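One-letter residues, chain by chain:
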Amino acid sequence: MRSPFLSLIFFLSAFPALAESEAGEGNEARLIKDPRQLTFAGTRAGEGYFNADGSKMIFQSERETDNPFYQIYLLDLETGDMNRISPGHGKTTCAWIHPDGTKVMFASTHEDPEAKSDQANEFRERLSGKARKYSWDYDKDFEIYESGKDGSSIVNLTNAPGYDAEGCYSPDGTKIVFASNRAGFDEDLDAELKAEFERNPAVMNDIYIMDADGSNVKRLTTSIGYDGGPFFSADGGKICWRRFDRKGATAEIFTMNIDGTDQRQLTGLGAMSWAPYFHPSGDYLVFATNLQGFANFELYLVDAEGKKEPVRVSETEGFDGLPVFSPDGKTISWTSNRTPKKQSQIFIGRWNHDLALELLASAPNRGGEDKIGIAANGAVDKASLKGFVEFLASEELQGRLTGTEGEVAATESAAAVFQRMGLEPAGDDDTYFDTFEFTAGVDLGEDNALRLAGESAGWKLNEDWRPLSFSELGPIAPSEVVFAGYGIEVPESTGEDGKKLGMYSSYFHLGVKDKWVMVFRFMPEDASPEQRRRFSRHSSLRYKAMTAREKGARGLIVVTGPRAKARSRLVPLGYDASMSGSGLAAISISDEVATRMLEAAGVEGSLEDLQKQLDAGEMAQGFPLEGVQLAANIDILQEKAKGRNVLARLKADGSAEPPLIIGAHIDHLGVGYGRGSRANEDEEGIHYGADDNASGVAGVFEIADYLSGQVEAGKLELKRDVIFACWSGEELGLLGSSHWVREFAKQHGSEDGKLTGKLSACLNMDMIGRLEKSLVLQGVGSSDYWAPEIEKRNVVAGLPLVLSEDTFISTDATAFYVRGVPILNAFTGAHDDYHTPRDTPDKLDYDDMEKVVKLMALVARGLASTEEEPALKEQENPNDRPRAGLRAYLGTVPDYAQSDVEGVKLSGVGKGGPAEKAGVQGGDIIKTLAGKDVKNIYDYTYVIEALKIGDEIDIEVERAGELLQMKITPESRQ
């Protein structure tokens, strides 16, 4: 809606402003030259819009003696001629001139049978002198009409129940964008929303677009609350509009593409900001806001991306609003009550575009850039969930990998969403952000070299060879080379048919001490399915490096081989979540380099012949490369980066109870293959992460909206604070949540790092968008509180549930449970699109997702409104972080955020588990296990895979700088 505010300012003009206007910096006089009043007649006038060449203006005015409402007039700016366009009776608003200049458009109620009686009633009420609070009535008889420029040949373009108005033509004249609340009449609303719509018809107002003849109507916005006042950009590619909150107290400026995509919020002033209009350049918009006081609307500018704080234009007390630019951008027109009688009229002046650009360029950056564009409405609804997911899983955010620009944009918008909801910052230094440092990746240094002893020329880096990311650094003196097949060593085991399987070893009768070991990448290509399953756990590069190191090798040489199917012949220098070294030099070489080394040793047969022989899966003896020695220098640089969590607080009045925390991880895998990707070879694009975990973050936003709305409406009395969190770094090993709990423990004086009694509970949502069979609620075993509470709340949600006792799960909730906080995690299940670019917003089931979020919101409501706290229940048989196929379990919980520790640091140990029985404690660093060195989490995993259930083994841990030896007996996981 545009015109209703002209009546609003008439009402406001009788009262003083509630706040003094701020002293300006003289921008008005510099930006608007030679301002003058353009209209004078009638009670008031406003909403003047130029035609395509700027020679005419269409506007509305109350100047008919027999009609108190606005009528539409066309003014010739070259001659001063003027004629009325509208029929003369009924209400009118929001007119526009077609680009071809032959016809105009406006909204009117003139076909309402009660139109003339409404006029008479309005006259009587005004003459009575009774003051009344202004309220735009969203007359359901408003329709959009088209007529000739003289008002002839009127044609009805809309004919639907409800308010249709606020329209304008696209620059090419083929489309009309307008506002309507017709959805309130034709949708099946729930009882609560239906009653609200009857009280406030604006609550269902949305933006629509249609062809210029009224056909092909499409809805562009779906939020609960008022969306209106749309205009096209000069190039016709964008639409700007204003969005009010559900109560109509505040409004912000938004833009979107003409198909409704890329909805983004440009302002976050927390005031009534409305009536935006694009400058023809497309660089910025002008709008009005009452930031300076309830009745003191002033003009402001905002850049088209919303990256800068808005710049104030006008500085005159009273109302200045409804601004527009001429088509050439050199003139500004607006509506103001700066007239002697304080009645609104249209003003015009010359516009200083160059100065506007300068002022915007020097404006400070916005503290929070909310591009999501979903209005808070105090309820959980699928439209908002869908909008949140579509933004977070958009191309713009490039997969939200921690430490990238996509993560920055996502977290910035999340902070702005919380700010818009009125939540307090709960991050560092009174901000919404909690920043942490991590190792983001690796790069090659300048001092890498590889050559055969006796040869002066070395091989070319990144063409002939490349270091592996986990290699030890520094020079390696010329050393002998041995060939060890696939570099796999598998202990004896029992096959699927119960038969005993002998050891498979690439090192049979092969001496490798202080030598380079050359191995093929991957595993034997032609091995049987049973063999491949057996080999799989022993064929990763990390495992091969550990095996070679345990046998005393100086270095590992990896060659892909001509028979292997691989994306690249050299192993990529990829990111490794645990950036600790492997204890030996490790490099990747091309097939050509490997062939050169075999030839130098006089080996008969080709590299392909060797690989083919080994690919059958039969054990074959390795051999030395006689006369071949290899020298190298390894130089790898670790790249440090920063990620950030987003935290906000819903404050309870006078509460001293431990807060409740509700979270989800906002990060994902980014772009390209790697970092946990399950993409196929032809899927190297953006990992959108719609389900994982834009769905969970959307749930957090909606619960925040729901609870804050309940509090504001007086329907919820909080007994404890509620902290809302968007974690980053989850995909890299729970980095963000682990960092936050460590810092929180320090701040609250927890000497042992435990948070029992300092946080009441942690609710988490990770992948909640694709419910197929049942909603899995994990962590139920962390407290006896959960089962009866879930039963109670699911009476409302009505979801099929599976209650899982597991508390050590691969999501952020685990970071809380290991520190003594009861947890509950919602999860709708795995799917084939997990960790691939196929995890897109269109795959989600928003109806069921809404039910999941409502269930979690009700659980949160119950926790937040009672003094009862879930009592922690420690599981006796916790699982390690899931590692497929592990049978032996020790009851240890590695701290996956500790990427710079040599060994494996533990966050905790399970009650009653083998580790606790052995005397191992949380905070210990495991250095050796079963006689094998443990340099990192990979070593630890691989050692556990070889353990025998019930056989006591040695474990060595570092505690407070002291090495302690203990005995531990693995137990069965199954």
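Just above, that's the structure.
In short, a report on the structure. Every value quoted in this text rests on a predicted model; they were computed, and no experiment measured them.

Quick word on unusual backbone geometry
1) Next: A cis geometry characterises the amide bond from Asp-692 onward to Asn-693, with omega recorded as 0°.
2) Next: Along the chain, the position of Asn-693 falls in helix α13 (residues 690-712).
3) Next: Positioned with a positive phi, Asp-34 is a non-glycine residue whose angle comes to about 50°.
4) Next: Here Asp-34 is to be found in strand β1 (residues 32-37).
5) Next: Phi at Leu-734 takes a positive value of approximately 55°, unusual for a residue other than glycine.
6) Next: Among the secondary structure elements, Leu-734 is positioned in the loop between β40 (720-727) and α14 (735-747).

Some details on the nonpolar core
1) Next: By size, the foremost hydrophobic cluster in this structure holds 92 residues, and its most contacted members are Leu-301 and Trp-351.
2) Next: Here this core takes 5 residues from strand β19 (residues 284-289), the largest share from any one element.
3) Next: Contacts of Leu-301, omitting those with residues within four sequence positions, involve Tyr-284, Leu-285, Val-286, Phe-287, Pro-310, Val-311, Val-313, Trp-351, Ala-356 and Leu-360.
4) Next: Ranked by size, the runner-up nonpolar core spans 69 residues in total, among them Ala-648, Ala-652, Ile-768 and Val-859.

Focus: the packing of helix α15 (residues 786-797) against helix α17 (residues 846-864)
1) Next: The geometry of α15 relative to α17 is characterised by a closest axis approach of 9 Å and an angle of 130° between their N-to-C directions. One way to sum up the angle between α15 and α17 is to call them oblique. Pair α15 / α17 crosses with right-handed handedness. Contacts between α15 and α17 involve Trp-786, Glu-789, Ile-790, Arg-793, Asn-794, Val-796 and Ala-797 on the former and, on the latter, Lys-851, Leu-855, Leu-858, Val-859, Gly-862 and Leu-863.
2) Next: Of the residues that constitute the contact of α15 with α17, the class distribution is 8 nonpolar, 2 polar and 3 charged.

Examining the packing of aromatic side chains
1) Next: In total, this model carries 33 aromatic pairs according to the counting rule given.
2) Next: For the ring pair Trp-274 and Phe-319, a centre distance of 6.2 Å and an interplane angle of 35° mean the geometry is tilted. Highlighted residues: Trp-274 in strand β18 (residues 273-278) and Phe-319 in the loop between β21 (311-312) and β22 (320-325), separated in sequence by 45 residues. An identical accessibility class is assigned to Trp-274 and Phe-319; each is buried.
3) Next: Through pairs of rings, three or more aromatic residues link up here, namely Tyr-138, Phe-142, Tyr-163, Tyr-226 and Phe-244.
4) Next: Over the aromatic face of Tyr-73 sits the side chain of Arg-63, whose NZ or CZ is 5.2 Å from the ring centroid.
5) Next: The ring of Phe-347 carries the charged tip of Arg-338 above its face, separated from the ring centre by 6.0 Å.

Observations regarding the pattern of salt bridges
1) Next: Under the criterion given, the structure shown has 48 salt bridges.
2) Next: Between Glu-550 and Arg-549 there is a salt bridge, and its shortest N-O distance comes to 3.1 Å.
3) Next: By relative accessible area, which is 12% here, Arg-549 ends up buried.
4) Next: The partner of Lys-935 in a salt bridge is Glu-902, with the nearest N and O atoms 3.3 Å apart. Taken as a pair, Lys-935 in the loop between β49 (932-933) and α19 (937-945) and Glu-902 in the loop between β46 (892-894) and β47 (904-909) lie far apart in primary sequence, 33 residues in all.
5) Next: According to the relative accessible area criterion, Glu-902 is partly exposed, its value standing at 47%.

What counts, and at which threshold
- Residues numbered from 1 in each chain as written.
- Predicted model: local features only at pLDDT ≥ 70, side-chain atom pairs only at ≥ 80, totals over all residues.
- Heavy atoms only, no water.
- Helix = DSSP H or I, 4+ residues; strand = E, 2+ residues; numbered from the N terminus.
- Core = buried A, V, L, I, M, F, W, Y, C linked by side-chain atoms within 4.5 Å.
- Buried < 20%, exposed > 50% of the residue type's maximum accessible area, 1.4 Å probe, protein only.
- Contact = heavy atoms within 4.5 Å.
- Axes fitted to C-alpha atoms, helices over the stretch in contact; angles between N-to-C directions.
- Parallel < 35°, antiparallel > 145°, perpendicular 65-115°, else oblique.
- Left-handed = near helix turned anticlockwise from the far one by under 90°.
- Nonpolar A, V, L, I, M, F, W, Y, C, P; charged D, E, K, R; others polar.
- Phe/Tyr/Trp six-rings, centres within 6.5 Å; stacked < 30°, edge-to-face > 60°.
- Lys NZ or Arg CZ within 6 Å of the ring centre and 35° of its normal.
- Salt bridge = Lys/Arg side-chain N within 4 Å of Asp/Glu carboxyl O.

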